[in-house]
Amino acid sequence: MKKPQLVSNWKSLWKAASVQILALGAVLPEVLQVLADNTNLLPWLDDGYKSGIRLAAILVAVLVRPIKQPSVSGPPKE
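Residues numbered from 1 in each chain as written. Predicted model: local features only at pLDDT ≥ 70, side-chain atom pairs only at ≥ 80, totals over all residues. Heavy atoms only, no water.

With that settled, consider the overall build of the protein. Broken down by element type, the protein carries three helices and zero strands. Reading the secondary structure of the protein in the N-to-C direction produces α-α-α. Across the 78 residues in the protein, those meeting the buried criterion constitute 22%. Intrachain contacts of the protein at a sequence separation of at least 6 include 73% that bridge at least 24 residues. Summing over all exposed atoms, the protein offers an accessible surface of approximately 6,400 Å²; the carbon and sulfur share of this is 66%. (Helix = DSSP H or I, 4+ residues; strand = E, 2+ residues; numbered from the N terminus. Buried < 20%, exposed > 50% of the residue type's maximum accessible area, 1.4 Å probe, protein only. Contact = heavy atoms within 4.5 Å. Areas by Shrake-Rupley, 256 points an atom, 1.4 Å probe, with all protein chains shown as cover.)

With that settled, consider the pattern of salt bridges. A full pass over the atoms with the stated rule returns one salt bridge. For Arg-54, the salt bridge goes to Glu-30, with nearest N and O atoms at 2.1 Å. Taken as a pair, Arg-54 in helix H2 (residues 47–64) and Glu-30 in helix H1 (residues 17–38) lie far apart in primary sequence, 24 residues in all. A relative accessible area of 29% places Arg-54 in the partly exposed class. (Salt bridge = Lys/Arg side-chain N within 4 Å of Asp/Glu carboxyl O.)

Right, let's get into the environment of Ala-17. With respect to the helices and strands, the residue Ala-17 is situated in helix H1. The sequence separation of Ala-17 and Ile-67 amounts to 50 residues, and the corresponding C-alpha distance is 9.3 Å.

What follows is the structure, encoded as structure tokens:
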């Protein structure tokens, strides 16, 4: 069994759209919940909406992941 190895540019993976979308999907529902708990701006927010935001972020990240991204893959080779 092969030992997993990090990709050579693992430090720049935070620039990947999929990682940024997943981070947004993790943080946004919590920020909205804090707003809903402390203000009357979001009375409609419940666990269903938060779960929907997280699910949407995961689905979009999975769809975006295989797309070549210059910020991670480097400039296109000619």
